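# Residue-level structure breakdown
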Amino acid sequence: MKRFGLFLLCAGWMTAGMKTASAQQHTVPHQWNEQVLEAIRNDFARPTVHARNLYHASILMYDAWAAYDTTQAQTIFLGQEFDGYTCPFDEAALDIPSDLDDRQEAQEIAMSYASYRLIRHRYEASPQAESTMANIYVQMIIQELDTSFTSTDYATHGAPALGNYLAEQLLAYGMTDGSNEANDYANTCYTALEPNILPEVPGTSGLVDPNRWQAVELSFAIDQSGELLTETPPFLGPQWGEVAGFALRDSNLTTAERDGCSYNLWHDPGHPVYLDTNVFSGFEDPWKWSHGMVLRWSEHLAPTDGVMWDIGPGSLKYDGSIPASDNLDSFYEWENGGLTAWYDENGNFGGQGHEVNPFTGEPYATNMVPRGDYARVISEFWADGPESETPPGHWYTLLNEFILDGQAGQHRWRGQGPIIPDLEFDVKSYLALGGAMHDCSIAAWSAKGYYDYSRPVSAIRYMAEHGQSSDPNLPNYHPAGLPLIPGFIEMVDDADPLNFFAGEDQVGKVKVRCWKGPDYIEVPLIDEAGVDWIMADRWWPFQRPSFVTPPFAGYVSGHSTYSRAAAELLQLLTGSEYWPGGLAEWSAPMNQFLVFEDGPSMSFNLQWATFMDASNESSLSRMWGGIHPPIDDAPGRRIGKHVGRNAFHYAETIVFPQWAQEFGGDGFLPSADCQGDFNGDGARGSGDLILFLTAFGLGWTGPYDLDNSAAVDTPDLLTFLQLWDSSCE
């Protein structure tokens, strides 16, 4: 292998490498994960494609590590038959250094070459490819690796050739996995049946079936990653269910036909609610109720309405429950926002959260902010702003920030047993999360493609252009119209300030009190649209006017699927429902954080005690943002719950087969030298109790089964409490 000494780089390369150079305290896989995330930010916003790339990058880094590992960890791709593709590998031909430092260096070199080759191939046609290529070139130079070395003969050249070989094989596999990568992931059958919606003009531009999806056509379009679009984007990935997954199994699969196309449906959520345009209905109709809630929450998007919320963990809590699709009104607070669980029996907000931080034993501090600021900030934060690593990448960012960085040097699988070296923990964590995010894309988009469900911008404008549905004796009546609610949804009369809005007679039409939209924002850095009356057929989601809504159908919510899966997986990975230390925070500085308009009106931190709290906030953000109605949310959470758990357990069979529950092992726990010390810290305390409660009632007969009764139940708890606060010495 040829290695370089560092040399002076030109100013452009130095700029491209600043992020890389500042990350040298991270492990090599962590650095290359950051390079993939930056490549995603430099590309078009394609969540399905980027989840696949993150998954494939994680496979490469893990297998580069596992090829040199001498424990029982298995490779997932190298030397295996993988979804019908065989990756040959002569294990005996690879020289494995006996010195542990040399072995780690070989692992790092192999994963670097593999990652470099993958990123070069997958992002060479991205709109900011020049920046991405410069970033990864600088990364290789900093590691003193020769980018011109292309041999795949690992028997002769060792680690760099193994990295090249791994990438070559995985890229070849990628042409066979059902993604249609060779044709830039183009649709293979699906055709949109409804006309494009033109949000810059009133109405829906001729929508016939309000239950079907419309592409968004704009005079000037920028996607969610900030890239200029030169044409109306088609539906992204409607048949992504055909892509090979990670832990998806045939038992999760349903096949279906629609409009002449066949679909693989994974974890089929069943059909959403539909609007019957010939039957009179108010907001008691599930379809109108669901989209009406998006409209109502749009009224919250101003910090000047006097509504203040404590958004700290002591006030907001999500217990992980998921409502049935016919019981959504018991879960969401339709009028005032958030969950019904956030309000007491008298309807007062707050105080229903976590009593104390279990790591400090102290109550969580209050965090009072205007509801309008909270709603706007989470809408942008979870959408990832104009420079987006997309939702699957966002959860890698949170993993990196709060777990891999926050607990560096202290990692334990499931929060239990011996400390695992950071590099090993990183590659195993990335594989598990990457598999989960990829499976989420397949499952969620399989439903999106088959059900082809509308977005709120189409649904709300459709009702508005059909008038009102409250009174047949009033003008502009239609069964599919908007129900009238005084002070919220009303008809324009002769005395109304909107009676001749935009130079047209608006009398008899429907108006709504909500976020006014981008027409009222001239300079986003200093302007706010605010909340007031607008014509309902001109309603906008809380998004940039050059984006409006993602280029794929709504049902089910990808954010809800990704976020719930990530929360489930991180709970299992860390052995705790809580973020490290019991609190994760993200800063939203005053008048600097928002991009769509000016704001927030004060500085504050988003705060989450648990992984579930964060996942719930992600889901709710899409309703305040006008992207999803609640009917999209709950099924997405349900799919994510299954996908996240299945992905973790399957990943565990690969990375720790000797402990994996799926293989009949006892689980990754310390030896029986100290009964009740589940986290291996030499004592029995609150950390052990938290871990014990994660297994309570689950029937797992591992070391939590203290009385050897083949169940983890109350007698085990009593046994543990007798050991409480005692040392292992």
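All figures in this text were calculated on a predicted structure; none of them were measured in a lab. (Residues numbered from 1 in each chain as written. Predicted model: local features only at pLDDT ≥ 70, side-chain atom pairs only at ≥ 80, totals over all residues. Heavy atoms only, no water.)

## Let's talk about the overall build of the chain
Counting its secondary structure elements, the chain contains 18 helices and 13 strands. Whereas a compact globule of 729 residues would reach a radius of gyration of roughly 27 Å, the chain reaches 27 Å, a difference of no more than 12%. Seen through its C-alpha atoms, the chain measures out along the principal axes to roughly 85 × 65 × 50 Å. Across the chain, contacts joining residues at least 24 apart in sequence account for 72% of those joining residues at least 6 apart. Of the roughly 27200 Å² that the chain leaves accessible, carbon and sulfur atoms contribute 49%. Of the side chains in the chain, 37 bear a positive and 99 a negative charge, and the two mean positions are spaced by 3 Å. (Helix = DSSP H or I, 4+ residues; strand = E, 2+ residues; numbered from the N terminus. Rg over C-alpha atoms; globule rule 2.2 N^0.38 Å. Contact = heavy atoms within 4.5 Å. Areas by Shrake-Rupley, 256 points an atom, 1.4 Å probe, with all protein chains shown as cover. Lys, Arg positive; Asp, Glu negative; His and termini not counted. Charge placed at Lys NZ, Arg CZ, Asp CG, Glu CD.)

## A look at the sheet that holds strand β11 (residues 531-535)
Strand order in the open sheet formed by three strands is β9-β10-β11, and the pairing between neighbours is antiparallel. The open sheet is flanked by β9 (489-491) and β11, the only strands paired with a single partner. Averaged over all neighbouring strand pairs, the angle between strand axes comes to 35 degrees, with direction disregarded. Pairing analysis gives five bridges linking strand β10 (residues 510-515) to β11, with the strands arranged antiparallel. Residue pairing across strands places C514 opposite D532, the latter belonging to β11. (Pairing = 2+ DSSP bridges. Axes fitted to C-alpha atoms, helices over the stretch in contact; angles between N-to-C directions.)

## Overview of the packing of aromatic side chains
Under the criterion given, the structure shown has 54 aromatic pairs. When the ring of Y85 is compared with that of Y173, the centres are 6.0 Å apart and the planes differ by 65 degrees; the resulting orientation is edge-to-face. Pair noted here: Y85 is in strand β2 (residues 85-86) and Y173 is in helix α8 (residues 159-174), with a separation of 88 residues, a long-range link. A relative accessible area of 1% means that Y173 is categorised as buried. Grouping aromatic residues by their ring pairs yields a cluster made of F381, W382, W395, F402, W579, W586, W608 and F611. The ring of Y650 carries R249 above its face, with NZ or CZ at 4.6 Å from the centroid. Above the ring of W533, the side-chain terminus of K511 is found at 4.3 Å from the ring centroid. (Phe/Tyr/Trp six-rings, centres within 6.5 Å; stacked < 30°, edge-to-face > 60°. Buried < 20%, exposed > 50% of the residue type's maximum accessible area, 1.4 Å probe, protein only. Lys NZ or Arg CZ within 6 Å of the ring centre and 35° of its normal.)

## Overview of the pattern of salt bridges
The final tally for this structure, using the stated rule, is 23 salt bridges. In this structure, the salt-bridge partner of E181 is R122, at a minimum N-O distance of 3.2 Å. Pair noted here: E181 is in the loop between α8 and β3 (221-222) and R122 is in helix α5 (residues 100-122), with a separation of 59 residues, a long-range link. For E181, a relative accessible area of 10% translates into the label buried. Salt-bridge contacts for R258 lead to D259; the nearest nitrogen and oxygen are separated by 3.9 Å. Among the residues examined, R258 registers a relative accessible area of 22% and is labelled partly exposed. Bridged by salt links that share partners, the residues R52, R122, D177 and E181 form one connected network. (Salt bridge = Lys/Arg side-chain N within 4 Å of Asp/Glu carboxyl O.)

## Comments concerning the nonpolar core
The nonpolar side chains of a soluble globular protein tend to be buried with one another. Residues Y62, F77, Y374, M437 and W579 are the most contacted members of the largest nonpolar core, which totals 186 residues. Per-element tally for this core: the top contributor is helix α12 (residues 422-451), with 17 residues. With residues near it in sequence (within four places) discarded, Y62 still touches A73, Q74, T75, I76, V427, K428, L431, I654 and V655. By size, the runner-up hydrophobic cluster in this structure holds eight residues, among which are F678, F692, A695 and L706. (Core = buried A, V, L, I, M, F, W, Y, C linked by side-chain atoms within 4.5 Å.)

## Regarding the state of the cysteines
Summed over the entire model, instances satisfying the criterion amount to one disulfide. Covalently, C189 is tied to C261 through a disulfide, its sulfur atoms 2.0 Å apart. Across the disulfide from C189 to C261, rotation about the S-S bond amounts to roughly -90 degrees, and the bridge is consequently left-handed. Of this pair, C189 sits in the loop between α8 and β3 while C261 sits in strand β6 (residues 261-266), placing them 72 residues apart in sequence. Judged by relative accessible area, C189 falls into the partly exposed class, the value being 30%. (Disulfide = S-S within 2.5 Å.)

## With respect to the side chain of R376
Secondary-structure assignment places R376 in helix α10 (residues 371-383). A polar atom in the side chain of R376 sits 2.8 Å from the side chain of E597. Dropping the residues within four chain positions of it, R376 is found in contact with L301, P303, E528, F542, L594, E597, D598, G599, P600 and S601. (Polar contact = N/O pair within 3.5 Å; in protein donor to acceptor, adjacent residues only side chain to side chain.)

## Overview of the confidence of the model for the chain
Interpretation of this model should avoid reading the predicted coordinates in detail wherever pLDDT is low. Chain-level statistics for the chain give a pLDDT mean of 92 and a share of 92% at 70 or above. Low pLDDT (under 50) marks residues 1-23, which in the prediction has 35 contacts with non-local residues, meaning those over four places away or in another chain. (pLDDT = per-residue confidence, 0-100.)

## Thoughts on the packing of helix α11 (residues 390-404) against α12
At a minimum axis distance of 11 Å, the contact between α11 and α12 shows a crossing angle of 155 degrees. In this view, α11 runs roughly antiparallel relative to α12, as classed from their interaxial angle. Viewed along their axes, α11 and α12 form a crossing whose handedness is right-handed. Here α11 contributes P392, W395, Y396, L399, N400, I403 and L404 to the contact with α12, which in turn contributes F425, D426, S429, Y430, L433, G434 and M437. (Parallel < 35°, antiparallel > 145°, perpendicular 65-115°, else oblique. Left-handed = near helix turned anticlockwise from the far one by under 90°.)

## Some points on the packing of α5 against α8
The geometry of α5 relative to α8 is characterised by a closest axis approach of 7 Å and an angle of 35 degrees between their N-to-C directions. Note on packing geometry: the crossing formed by α5 with α8 is right-handed. Facing α5, whose interface residues are A106, I109, A110, Y113, A114, R117, L118, H121 and R122, α8 presents A159, P160, L162, G163, N164, L166, A167, L170, L171 and G174. The residue makeup of the contact of α5 with α8, split by class, is 13 nonpolar, four polar and two charged. (Nonpolar A, V, L, I, M, F, W, Y, C, P; charged D, E, K, R; others polar.)

## So, the pairing of β6
Sheet analysis places strand β5 (residues 253-258) next to β6, joined by six bridges and oriented antiparallel. Looking at the pairing, R258 lines up with C261 of β6. Counting the residues between successive antiparallel strands, the hairpin from β5 to β6 contains two residues, one of them, D259, with a positive phi of roughly 50 degrees.

## Some thoughts on a nonpolar patch on the surface
Taken together, the side chains of V523, L525 and I526 present a nonpolar region at the surface, about 320 Å² in accessible area. Among the structural elements, I526 can be located in the loop between β10 and β11. (Patch = residues over 30% accessible without salt bridge, like charges linked within 9 Å, V, L, I, M, F, W, Y side chains within 5 Å.)

## Observations concerning helix α13 (residues 456-465)
Counting buried positions over the ten residues of α13 gives nine, a clear majority of the element. Those residues of α13 that sit buried are P456, V457, S458, A459, I460, R461, Y462, M463 and A464. Lining the buried residues of α13 we find α9 (286-298). One or two steps after α13, the chain reaches G467, where phi turns positive at roughly 95 degrees.

## Examining unusual backbone geometry
For the bond from Y555 to V556, the omega torsion is 10 degrees, close enough to zero to count as cis. Among the structural elements, V556 can be located in the loop between β11 and α14 (558-574). Cis peptide bonds are those with omega within 30 degrees of zero, and the linkage from G599 to P600 qualifies with 0 degrees. Its location among the elements puts P600 in the loop between β12 (584-588) and β13 (604-608). At E144, a residue that is not glycine, the phi angle is positive and equals roughly 60 degrees.

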